[in-house]
Amino acid sequence: MSEDVRLVAWVRGSVQGVGFRWFTRAKALEIGGLSGFALNLADGRVQVVAEGAREGCEGLLDWLEGDDTPGRVDGVTEIWDTPRGGYDGFAIR
């Protein structure tokens with residue numbers, strides 16, 4: 001049985017205006033079983049919140065830190081928590 005978790009990640013770099021949130025949502029849907037959102041922040045970062053199976057959230061984090069994202073990722077800061085729920089699918093905010 002898989003443990004459900006909450007991943008909150010802040011992605012730094014050239015990640016706004018390049019479709020980053022759209023591709024993040026597409027990747028979350030491809031992984032399956034994840035809910036949450038991707039949000040542009042005023043300081044140029046993108047915040048990603050994902051809830052679901054630990055393996056799925058780890059897969060999304062691996063993608064966020066990898067070389068296959070749009071734009072340029074300079075770094076990702078993440079925290080792990082227990083799921084809070086309340087999300088209907090994976091949204092772009």
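Residues numbered from 1 in each chain as written. Predicted model: local features only at pLDDT ≥ 70, side-chain atom pairs only at ≥ 80, totals over all residues. Heavy atoms only, no water.

In the annotation of an unreviewed UniProt entry, the entry for the chain reads acylphosphatase, and the organism field reads Streptomyces alanosinicus. What the UniProt record of the chain gives under Catalytic activity (unreviewed entry) is the line "an acyl phosphate + H2O = a carboxylate + phosphate + H(+)". (UniProt positions renumbered as here; feature names shortened; annotations may be inferred.)

A. Region of interest: the UniProt feature "domain: Acylphosphatase-like" (unreviewed entry) in the chain. Following the UniProt record, one finds the feature "domain: Acylphosphatase-like" (unreviewed entry) at residues 6-93. Helix makes up 27% of residues 6-93 and strand 41%, whereas the separation of the span's terminal C-alpha atoms amounts to 18 Å. (Helix = DSSP H or I, 4+ residues; strand = E, 2+ residues; numbered from the N terminus.)

B. Focus on the pattern of salt bridges. In total, this model carries seven salt bridges according to the counting rule given. Two residues, glutamate 30 and lysine 27, come together in a salt bridge whose shortest N-O distance is 3.1 Å. Pair noted here: glutamate 30 and lysine 27 are both in helix α1 (residues 20-31), with a separation of three residues, about one helical turn. By relative accessible area, which is 21% here, lysine 27 ends up partly exposed. Between arginine 84 and aspartate 81 there is a salt bridge, with the nearest N and O atoms lying 3.5 Å from each other. One salt-bridge network, held together by shared partners, links Glu3, Arg54 and Glu58. (Salt bridge = Lys/Arg side-chain N within 4 Å of Asp/Glu carboxyl O. Buried < 20%, exposed > 50% of the residue type's maximum accessible area, 1.4 Å probe, protein only.)

C. Structural context of the pairing of strand β1 (residues 4-14). Sheet analysis places β1 next to strand β3 (residues 46-53), joined by eight bridges and oriented antiparallel. Along β3, the bridge assignment pairs aspartate 4 with alanine 53. Sheet analysis places β1 next to strand β4 (residues 72-81), joined by nine bridges and oriented antiparallel. By the bridge assignment, arginine 12 is partnered in β4 with glycine 75. (Pairing = 2+ DSSP bridges.)

D. Seen up close, the nonpolar core. Counting 19 residues, the largest nonpolar core has Val11, Val48, Leu60 and Leu64 as the members making the most contacts within it. Of all elements in the fold, only β1, α1, β3 and α2 (54-65) reach the threshold of two or more residues within this core. At five residues, α2 tops the list of elements feeding residues into this core. (Core = buried A, V, L, I, M, F, W, Y, C linked by side-chain atoms within 4.5 Å.)

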